[in-house]
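# Coordinate analysis (summary)
Take a look at the letters that make up each chain.
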Amino acid sequence: MAQINITNVSKIYAGGVEAVKSVSLDIADGEFIVLVGPSGCGKSTLLRMVAGLEAISKGTVEIGDRVINDIEPAERDIAMVFQNYALYPHMTVYNNLAYGLKNRGTPKAEIDARVAEAARMLEIEPYLTRKPRALSGGQRQRVAMGRAIVRKPAAFLFDEPLSNLDAKLRVTMRGEIKQLQKRLGTTSLYVTHDQLEAMTLADRLVVLNGGQIEQIGRPLDVYHTPASTFVASFIGSPAMNLLRATREGSRLHFGSQVLESDRLSALPTELTIGIRAEDLRVARAGEQSLTMKVDYIEELGAQRLVHGMLDGKKLTAALSPEIELSDTIALTIAPSRLHFFDVTTGKRLAQIVDGAVGKREDTGALEMAGG
Amino acid sequence: MTHAPLSSPTPAAPFPSGAGGLFRRFKARPSEDTSAKRVQFNSPLLPYLFLAPQMAIIFIFFYWPSVQAIQSSFYLEDPFGFGSSFVGLANYTDVLKSNEYLGIARFTAVFTALVTFFSLSIGLLLAVKADGVIRGNAAYKTLLIWVYAIAPPVAGLMGMMMFDQHIGPLVKFAGLFGWEMKVGLNYNDTAFAMIVVSVWKQIPYNFIFFLSGLQGIPVSVREAAIMDCRSGLRRFWTVILPLLAPTAFFLLIINTTYALFDTFGVIDVIVKDKAANNPITLVYKVYMDGFRGNDLGGSSAQSVILMIIVFVLTIFQFRFIERRVHYN
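About the cut-offs
- Residues numbered from 1 in each chain as written.
- Chains lettered and ligands numbered in written order.
- Predicted model: local features only at pLDDT ≥ 70, side-chain atom pairs only at ≥ 80, totals over all residues.
- Heavy atoms only, no water.
- Pairing = 2+ DSSP bridges.
- Helix = DSSP H or I, 4+ residues; strand = E, 2+ residues; numbered from the N terminus.
- Axes fitted to C-alpha atoms, helices over the stretch in contact; angles between N-to-C directions.
- Parallel < 35°, antiparallel > 145°, perpendicular 65-115°, else oblique.
- Left-handed = near helix turned anticlockwise from the far one by under 90°.
- Nonpolar A, V, L, I, M, F, W, Y, C, P; charged D, E, K, R; others polar.
- Buried < 20%, exposed > 50% of the residue type's maximum accessible area, 1.4 Å probe, protein only.
- Lys, Arg positive; Asp, Glu negative; His and termini not counted.
- Salt bridge = Lys/Arg side-chain N within 4 Å of Asp/Glu carboxyl O.
- Polar contact = N/O pair within 3.5 Å; in protein donor to acceptor, adjacent residues only side chain to side chain.
- Contact = heavy atoms within 4.5 Å.
- Buried area = accessible area lost by both parts, 1.4 Å probe.
- Phe/Tyr/Trp six-rings, centres within 6.5 Å; stacked < 30°, edge-to-face > 60°.
- pLDDT = per-residue confidence, 0-100.
- Domains from an automatic or database assignment.
- UniProt positions renumbered as here; feature names shortened; annotations may be inferred.
- 1 Å grid on protein atoms, 1.4 Å probe; cavity = no way out; pocket = protein on both sides within 12 Å on 5 of 7 lines; lining within 4 Å.
- Points joined across faces, edges and corners; volume = space filled by probe spheres on them.

## So, the sheet that holds strand β15 (residues 281–282) of chain A
One key point about sheets: their strands pair by backbone hydrogen bonds, in either a parallel or an antiparallel sense. Residues and elements named next belong to chain A. Read across the open sheet, the 5 strands follow the order β15-β19-β16-β17-β18; overall the sheet is antiparallel. The open sheet terminates on both sides in strands that have one partner only, identified here as β15 and β18 (313–319). Both β15 and strand β19 (residues 328–332) contribute to a ladder of 2 bridges, which runs antiparallel. Bridging across to β19, V282 finds its partner in L331.

Right, here's the structure in full:
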């Protein structure tokens, strides 16, 4: 077990394409870090540089106290779980697990003991003599995990390990990976494009975009205070509503519609407003409100997603299924729940908002001036 | 209008005749999941009709000559076709008692083993190296493959020029080491040239198959092996080679057959019909005795023996080697 320090790491391909741009990240011992981002954001490249499957163009990666830039992958004391399992098809499950240990000259008795332990942990004992092709997808994924576990490495690297599984199995395996990592306490670096997987697994998640880190933080912090419009739209489902607005004094204009709050004074006059679908609620009589024209509805059971238009712009609200709907609904939101972003850079206007509007815990919709 | 049925404009019936009806009505059977692609024929005769041309070719060019060979191996044929007399197994005993024949059989065994071994291993080595090349690998592969496009006699001719007494670069090269190579005169030198030319001719074929086999190994499996095993050589023996085994096994059979039979052209060019003291293989001996010596009976007996050898060899390969092959 060890910490991992990634310092100013870049990946520049022949032809000058920079897939990863000077990324720095310190991972504590035993921490579960999830790299998340859309395809092409450089998350897999970063992981593969740590694994040693891609050369590091610039910067250093340390595992423990050792710079591993020029160390062979097999000597880096790491184990990797691949997306398509990458099991050795000609070997039995037992040999798949034992292969890495055999190559390191581990004594036979110890190999047996470690394989038995891993097999018990992952409940794959009945399949040890089978070949991978005689296993189901979930079982193969367990074997792939087992192959990583038996090595007792300093760190686990996961490259989208669940994306080949069906939805139900993915949820189960997600839970198991989390439990296993907690039990073993092994530092883990996990790559996914699935924000839900990222949210549920991570101790801290790292949102990548275009080869750069957009935000590092605990899942709930990232969810509640996204650092940019990119993070806001990527983390959370449904995606956060992002609307352009102009401020005049204490009034926010969304086209023809207006919200009013006395705590907006420090904000710029042009801004992007972020609204989580679940922060919207139906306005009571007399409350100031935004009027949404309903387009269509998605029933999720516990929630109902109402998609519609707010002055010509798309808006989604997550409402209770009990509420009766008409063609237009009047929605309201606590001003403290609004997220403000810079129009040009997309960065969160954190200081200004927190100073002017206050923490979101201490305010409610009722403070809003009557509209 | 006498042609009314044929010129019928109904688009739904493009084949108004009886045969057309057969074609129109065979259809896929949707209900059975295991045979989703199996076609159901309405007439039980139709599938045999489809097979008939292939069966005819196999029968005319393979079974019939085989039967003829077996039959004539029991006869002593008059060289001028004036009749034949039944001699029982005499042709076989003559052949098997002949020291010359046994010597040729020994050479054939050594020749086949060496040609198979070297053409497989060099083909594999080149494929592994070419697979590792990233830049300009298309040009690389083309250069390695195009030897295969050369016809065997031409390859033999080119090989002979390489080994020519006066202008052959290989002879000159060997001369640098004090090896006075006399292809066509010295038994061992001739054998050496035959093996080199035969191997050279077969390498591209093996190269193509090994290369495609290598490219069929998933990248992630190789990467997993890189994480698990430091030594590249050990990775090759424990992961890459076992995954190539199906290809290698197929090539083993093809190469054995090649060395036994298809090297005929190469040998023919090198010994130029005058075997004399030169090494030849069994199949060339069949040709020499049958077409040059006009001993059709003995020649037939030899080809039957050859048939049996190949039969046994193939059974051996499938029984004992294929068992170790993992098909994915």
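From this point, the narrative continues.
## Some remarks on the packing of helix α4 (residues 99–132) of chain B against helix α8 (residues 187–215) of chain B
Residue and element names in this part refer to chain B. Viewed as axis vectors pointing N to C, α4 and α8 meet at an angle of 40°, and their least axial separation amounts to 6 Å. Relative to α8, the element α4 lies oblique. The hand of the α4/α8 crossing is right-handed. Grouping the amino acids of the contact of α4 with α8 by side-chain chemistry returns 22 nonpolar, 6 polar and 1 charged.

## Thoughts on the side chain of R174 of chain A
All names here are of chain A. With respect to the element layout, R174 can be found in helix α5 (residues 167–184). The buried charged residue R174 lacks any salt bridge, with D194 as its nearest oppositely charged partner at 5.2 Å. At 3.2 Å, the side chain of R174 and the side chain of T200 are in polar contact.

## Some thoughts on the pattern of salt bridges
On inspection of all chains with the given rule, the structure shows 21 salt bridges over all chains. Taking the shortest distance from any N to any O, the salt bridge between E160 of chain A and K43 of chain A comes out at 3.9 Å. Here E160 of chain A is found in the loop between β7 (155–159) and α5, whereas its partner K43 of chain A is found in helix α1 (residues 43–51), with 117 residues between them in sequence. Each of the two residues, E160 of chain A as well as K43 of chain A, counts as buried. D221 of chain A is paired through a salt bridge with R218 of chain A; the nearest N and O atoms lie 3.2 Å apart. For R218 of chain A, a relative accessible area of 53% puts it in the exposed group. One salt-bridge network, held together by shared partners, links K11, R48 and E54 of chain A together with E223 of chain B.

## A closer look at the interface of chain B and chain A
By a widely used convention, the size of an interface equals the accessible area lost when the partners come together. Between chain B and chain A, the contact holds 19 residues from the first and 25 residues from the second. Note on chain B versus chain A: buried area summed over both sides is about 2,000 Å², and carbon and sulfur give 57% of it. The largest per-residue losses of area from chain B upon contact with chain A belong to M227, D228 and R230 of chain B, which jointly make up 37% of the total buried on that side. If you look at where chain B meets chain A, you find 3 salt bridges. Linking E75 of chain A and R230 of chain B is a salt bridge whose minimum nitrogen-to-oxygen distance equals 3.0 Å. In this structure, the connection of chain B to chain A is made through 14 residue pairs in polar contact (both at pLDDT 80 or more).

## A few points about the packing of aromatic side chains
Applying the stated criterion to the full structure yields 23 aromatic pairs over all chains. Both rings, one in Y205 of chain B and one in F209 of chain B, keep their centres 4.9 Å apart while their planes meet at 45°; by these two values the pair is tilted. Of this pair, Y205 of chain B and F209 of chain B are both found in helix α8, 4 residues apart, which corresponds to roughly one turn of the helix. Since its relative accessible area comes to 15%, Y205 of chain B is described here as buried. Through successive ring pairs, a cluster of aromatic residues spans F32, F156, F158 and Y190 of chain A.

## Some words on the confidence of the model for chain A
For residues with low pLDDT, the predicted coordinates do not support detailed interpretation. Looking at chain A, pLDDT values average 88 and 94% of them are 70 or higher. Below pLDDT 50 for its whole length, residues 351–371 of chain A participates in 43 contacts with residues either more than four positions away or in separate chains.

## Let's talk about the pairing of strand β3 (residues 32–36) of chain A
Residues and elements named next belong to chain A. Counting buried positions over the 5 residues of β3 gives 5, a clear majority of the element. The side-chain alternation of β3 yields two buried faces, one formed by F32, V34 and V36 and the other by I33 and L35. One ladder, built from 5 bridges, connects β3 with strand β8 (residues 187–192); its direction is parallel. Pairing of L35 across the sheet is with V191, part of β8.

## Notes on the domain arrangement of chain A
Residues and elements named next belong to chain A. What the domain assignment lists for chain A is domain 1 (4–225) and domain 2 (238–367). Each of domain 1 and domain 2 has a C-alpha centre, and the two are 39 Å apart. Each partner contributes residues to the interface: domain 1 has 4 residues there, and domain 2 has 6 residues. Between domain 1 and domain 2, a total of about 440 Å² is buried, with carbon and sulfur atoms accounting for 36% of that surface.

## So, the UniProt feature "domain: ABC transporter" (unreviewed entry) in chain A
UniProt feature "domain: ABC transporter" (unreviewed entry): in the numbering of this structure it lies at residues 4–235 of chain A. End C-alpha to end C-alpha, residues 4–235 of chain A measures 25 Å, and it is 37% helix and 25% strand.

## As for empty space enclosed by the protein
One pass over the structure, following the stated rule, counts 3 cavities of 30 Å³ or more. Considering only enclosed or pocket space, the largest cavity measures out at about 70 Å³ in volume. Lining of the largest cavity is provided by A79, M80, F82, R147, A148 and R151 of chain A together with A224, M227 and D228 of chain B. The set of elements that each furnish at least two residues to the lining of the largest cavity consists of β6 (78–81) and α4 (137–150) of chain A together with α9 (219–228) of chain B. Broken down by element, the lining of the largest cavity gets its largest block of residues, 3 residues, from α9 of chain B. Here the residues of the lining of the largest cavity sort into 6 nonpolar, no polar and 3 charged.

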